Amino acid sequence: MPQISEPAQHVDPRLLGWKERLASRCTEAVEALAAVPGVTGLVLGGSVGRGQHWPMSDIDLMALCSGRDVRETAADVDRTAYELSAMWGSSGIYTAVDAGRLTFDEAEVRQTASGGLPATVERMDDPRWLHGIDKIYGGVAIHDPHDVAAVFLDWSSRHRFDTGVVARRRESWCDQAEQLLLDTERLVHSGDATGAWISLRKAGGALAEVATERWGQRAGSLGRYWTLFEARARRHGDPELAARLMTAAHAHPQCVSAVVDAVPEWLQDRIALSYSARRLVGEEITPAQNARDNVLAFAQLYRGRFPSAQQAWMRGEDGAILQDSIAALTELLSHLR
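Note that residues are indexed from 1 along each chain, following the sequence as it is written. Restriction of local features to residues with pLDDT of at least 70 applies here, the model being predicted, together with a cutoff of 80 or more for giving and counting side-chain atom pairs; totals for whole chains, interfaces and linings are based on all residues. In computing side-chain values, all of the structure's heavy atoms are included and hydrogens and water are not.

Draft legend 1. How the structure looks around empty space enclosed by the protein. Only protein atoms enter the 1 Å grid used here. Points where a 1.4 Å probe fits but cannot escape make up a cavity, open sets with protein on both sides within 12 Å along at least five of seven lines make up a pocket, and a residue lines them when an atom lies within 4 Å of a point. Grid points are joined across faces, edges and corners, and a volume is the space filled by probe spheres set on the points. A complete count under the given rule lists one cavity of 30 Å³ or more for this structure. By volume, the largest cavity is sized at about 30 Å³. In terms of lining, the largest cavity is formed by Asp-60, Leu-61, Met-62, Asp-98, Ala-99, Gly-100, Arg-101 and Leu-102. Examining the composition of the lining of the largest cavity, we find that three residues originate from one element, strand 2 (residues 59-65), more than from any other. In the scheme used here, Gly and all other residues not listed as nonpolar or charged are polar, with Ala, Val, Leu, Ile, Met, Phe, Trp, Tyr, Cys and Pro taken as nonpolar and Asp, Glu, Lys and Arg as charged. Of the residues belonging to the lining of the largest cavity, the class tally is four nonpolar, one polar and three charged. By the criteria applied, helices consist of DSSP H or I runs no shorter than four residues and strands consist of E runs no shorter than two, each listed in order from the N terminus.

Draft legend 2. Spotlight on the nonpolar core. Core analysis: the largest hydrophobic core is formed by 69 residues, its most contacted members being Phe-152, Leu-207, Trp-226 and Leu-329. Considering every element that reaches this core, the biggest residue donor is helix 9 (residues 193-214), with ten residues. Only heavy atoms enter the contact rule, under which two residues are in contact if any of them lie within 4.5 Å. Contacts of Phe-152, omitting those with residues within four sequence positions, involve Val-43, Leu-64, Phe-104, Val-109, Trp-129 and Ile-136. Residues enter a nonpolar core if they are buried and are Ala, Val, Leu, Ile, Met, Phe, Trp, Tyr or Cys, with the set joined through side-chain atoms within 4.5 Å. To sort residues, take the accessible area from a 1.4 Å probe on protein chains only and compare it with the maximum for the residue type: under 20% means buried, over 50% means exposed, and anything in between is partly exposed. Within the second largest apolar cluster, 20 residues are counted, among which are Leu-22, Cys-26, Leu-33 and Ala-99.

Draft legend 3. Representation of the pairing of strand 1 (residues 39-45) within the structure. By the criterion of burial, strand 1 is predominantly enclosed, with seven of the seven residues buried. Across six bridges, the pairing between strand 1 and strand 2 is antiparallel. Within strand 2, the position partnered with Leu-44 by the bridge is Leu-61. Strand direction decides the pairing type here: strand 1 and strand 5 (residues 140-143), joined by three bridges, are antiparallel. When the bridges of strand 5 are listed, Val-43 appears paired with Ala-141. Criterion used throughout: strands pair if DSSP finds at least two bridges between them.

Draft legend 4. Representation of the environment of Ile-198. Take Ile-198: it is sitting in helix 9. Residue classification places Ile-198 among the buried residues on the basis of a relative accessible area of 9%. On a C-alpha basis, the gap between Ile-198 and Ile-142 in space is 35 Å, while along the polypeptide they are 56 residues apart.

Draft legend 5. Structural detail: the pattern of salt bridges. Note on definitions: salt bridges are taken to be side-chain nitrogens of Lys or Arg within 4 Å of carboxyl oxygens of Asp or Glu. Under the criterion given, the structure shown has 28 salt bridges. For Arg-71, the salt bridge is made with Asp-69, and the minimal N-O distance between the two is 3.5 Å. The class of Arg-71 is exposed, set by a relative accessible area of 67%.

Draft legend 6. Up close: the packing of helix 13 (residues 265-280) against helix 14 (residues 287-305). Here, axes are lines fitted to C-alpha atoms. For helices the fit covers the stretch in contact, and angles between N-to-C directions go from 0 to 180 degrees. Axis separation between helix 13 and helix 14 bottoms out at 9 Å; the angle between their running directions is 130°. Taken as axis vectors, helix 13 and helix 14 run oblique relative to one another. Helix-helix and strand crossings are classified by hand; for helix 13 and helix 14 the assignment is right-handed. Side by side, helix 13 and helix 14 meet where Trp-266, Leu-267, Arg-270, Ile-271, Ser-274, Tyr-275 and Arg-278 of the first sit next to Pro-287, Asn-290, Ala-291, Asp-293, Asn-294, Val-295, Phe-298 and Tyr-302 of the second. Just so you know how the angles are binned, under 35 degrees is roughly parallel, over 145 roughly antiparallel, 65 to 115 roughly perpendicular, and the rest oblique. Left-handed is the label given to a crossing in which the near helix is rotated counterclockwise from the far helix by less than a right angle, and right-handed is the label when the rotation is clockwise.

Structure representation (structure tokens):
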């Protein structure tokens, strides 16, 4: 099995001035997205909005719109965000702008906020609202000429951790896990091993969200997901559940070590830069954990952009039996439900 060695202890020069860079890019992103036709407000959420960012943080922006179809506005927001990120990448360090898929019409925001808890619980069946209430939680109304972003944020702060909302969120994540396991079975039978592995690990991630909701916490940070999940499980006295889940989903660092030598050059660079960034902000992380987090996150993102991709690094280790993993995650789903 390939060994992931401990890199030399130094700060990658590209990370110098990271706080100033993120602040500057955030301003640039807000200006660009506010100019998209139909956009009438922006909420800065995620780790940057909550003031918990690190050098590789995404810029999470939720757009509000009026006078134009939400889907059309969302498509233009997504394209603008992607183009910004691509341009920044030419500087040697990439900052993703996560915007577009979480776009909301002003009227639906006001209607949901005025509907109180029942309306909020009902919205949790919609992935856009399921992710949206969590993504904006603790964020900032960064562009709000119509005072709707403030309404949106107040709604999230009042209802995000309400007992009824959490119960419905757990149910929604369980439903997603169940569907993803069915998708995994279908992909296995169709001969798409890469798609099956990604679907399986997404099912594992959905179950990790169920556990996170049960602990009264929120997740986030796709590029550091599994290490942070392990830490949450330890804090809440449930490390055995985390170990069981990661074993079933093949999300342990040693599972990824078998494929890490096959990752493309750009991901090798991302892994090294991420490790330096995490150490820079004092995170206790091993090279193997960092590699695991990045490989699993980017396999999912890469397959989303290129649905026919079949690279070896996107799959599990040789000899692993997917059917056994499906059975193990199905058992965990029953336990968590």
